[in-house]
Amino acid sequence: MKKEQQLDLYYQMVLIRRAEERGAELYQQGKIGGFMHLYIGQEAVSTGLIAAREPRDRVITAYRDHGVAINCGISTNEVMAELLGKATGMSKGKGGSMHMADTSKNMWGGHAIVGGHLPIASGFALGDQYAGNDNITICMFGDGATNIGYFHEALNLAKTWGLRVLWVCENNQYGMGTSVDRASAVTEIRQKAEGYGMKNGQVDGMDVMKVYEAAKEALEFVRKEGQPYLLEIDTYRFRGHSMGDPERYRKAEEVKQWQENDPIGIFNKYLLDKKIATRKVLDEIEARAEDEVNKAVEFAEASPEPTLDELYTDIYAD
């Protein structure tokens, strides 16, 4: 990967972190309604993963989707405006936190129903198979989604029909307030693919370069072999499941231990140690990300609310 690409990955990760932090502030001020699930701590997952895809490859994810949207090229202005329910959001303020999407960028949405988007991913891949192309559908989901029927149905179909899907489990150790070892008989999520004879792998999700390399290898396998692959990415969310989470289920010491392996800090040290960037360059990148987020908040707050007529648009496809 070229130096400029690596510095851009750092910018994306810092941009996601700053946008999430401002989003939390705006939520606490009552300017964002509904549910909001922060991506803080998981920035290396989507950044490394999406950097490895080709633009023609689809991305579909669950409701922790702000970072994924930014990595796919949706502007910070549109993300922030959508969070605030404004007409200038990418979904005209009607999707909110959990339904960010822009099909022109092959970002096919965040989905609020746990695991409900997994069969859709198999459907996308089946469509590509009919079309005779080798595009890949990248489907991201949490560890909790692997305990429900959608997961098993979607993986079974993908393997039975030979569909090009890269299944990506973002294992952040908790499904809401329940730890993986309390909810799943198989705690190493990648092993669940074995039941379908599906190739699988596991990677440290706190290191963006490791995620990038693992994703690149997995995508190459899926495209070349015409078979699905399950990649488990081990990560950790530093904040609660959602903004309303009292976090009584985990100890502060546990969170602190994971925060010492902050993905942004790890990549910062990597860039300095490899002499890819100086401290001054990284400081400038961080300041640029801060400035972009500040401008995005100004843009969102100054944007108009959707009109009442918008209730009746975008219901049916033309």
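No experiment lies behind these values; they were computed from the predicted model shown. (Residues numbered from 1 in each chain as written. Predicted model: local features only at pLDDT ≥ 70, side-chain atom pairs only at ≥ 80, totals over all residues. Heavy atoms only, no water.)

A. Highlighting the pairing of strand β7 (residues 199-204). Two elements, β7 and strand β8 (residues 229-234), share 6 bridges in a ladder whose sense is parallel. Residue Lys199 lies in a different strand from β8, and its bridge partner there is Tyr229. For the crossover that starts at β7, traverses helix α8 (residues 208-225) and ends in the parallel β8, the hand is right-handed. (Pairing = 2+ DSSP bridges. Helix = DSSP H or I, 4+ residues; strand = E, 2+ residues; numbered from the N terminus. Right-handed = clockwise from strand over helix to strand, strands pointing away.)

B. The nonpolar core, seen in detail. Among the nonpolar cores identified, the biggest contains 71 residues, and Met80, Ile138, Met140 and Leu166 are the most heavily contacted of them. Looking at this core element by element, the count peaks at 11 residues for helix α1 (residues 3-28). When residues no more than four places from it in sequence are discounted, the contact partners of Ile138 are Leu49, Arg53, Arg58, Val59, Ile60, Leu166, Val168 and Leu219. Core analysis: the second largest hydrophobic core is formed by 21 residues, Cys139, Leu155, Cys169 and Ile189 among them. (Core = buried A, V, L, I, M, F, W, Y, C linked by side-chain atoms within 4.5 Å. Buried < 20%, exposed > 50% of the residue type's maximum accessible area, 1.4 Å probe, protein only. Contact = heavy atoms within 4.5 Å.)

C. Quick look at the sheet that holds strand β1 (residues 58-61). One open sheet holds the 6 strands; their spatial order is β2-β1-β3-β4-β8-β7, and the pairing between them is parallel. Looking along the sheet, the strands with just one partner apiece sit at the ends: β2 (107-110) and β7. Going from strand to strand, the sheet's axes swing by 15 degrees on average, the running direction of each strand aside. Alignment of β1 against β2, held across 2 bridges, turns out to be parallel. Across the sheet, residue Thr61 finds its bridge partner in β2, namely Gly110. (Axes fitted to C-alpha atoms, helices over the stretch in contact; angles between N-to-C directions.)

D. Here's a closer look at empty space enclosed by the protein. Under the definition given, this model contains 1 cavity of 30 Å³ or more. By volume, the largest cavity amounts to about 30 Å³. Lining the largest cavity are Ala125, Asp128, Gln129, Asn133, Asn135, Gly162, Leu163 and Arg164. (1 Å grid on protein atoms, 1.4 Å probe; cavity = no way out; pocket = protein on both sides within 12 Å on 5 of 7 lines; lining within 4 Å. Points joined across faces, edges and corners; volume = space filled by probe spheres on them.)

E. The environment of Arg239, seen in detail. As for its position among the elements, Arg239 is in the loop between β8 and α9 (252-259). What makes Arg239 partly exposed here is its relative accessible area of 34%. Separated by 198 residues in sequence, Arg239 and Gly41 place their C-alpha atoms 8.0 Å apart.

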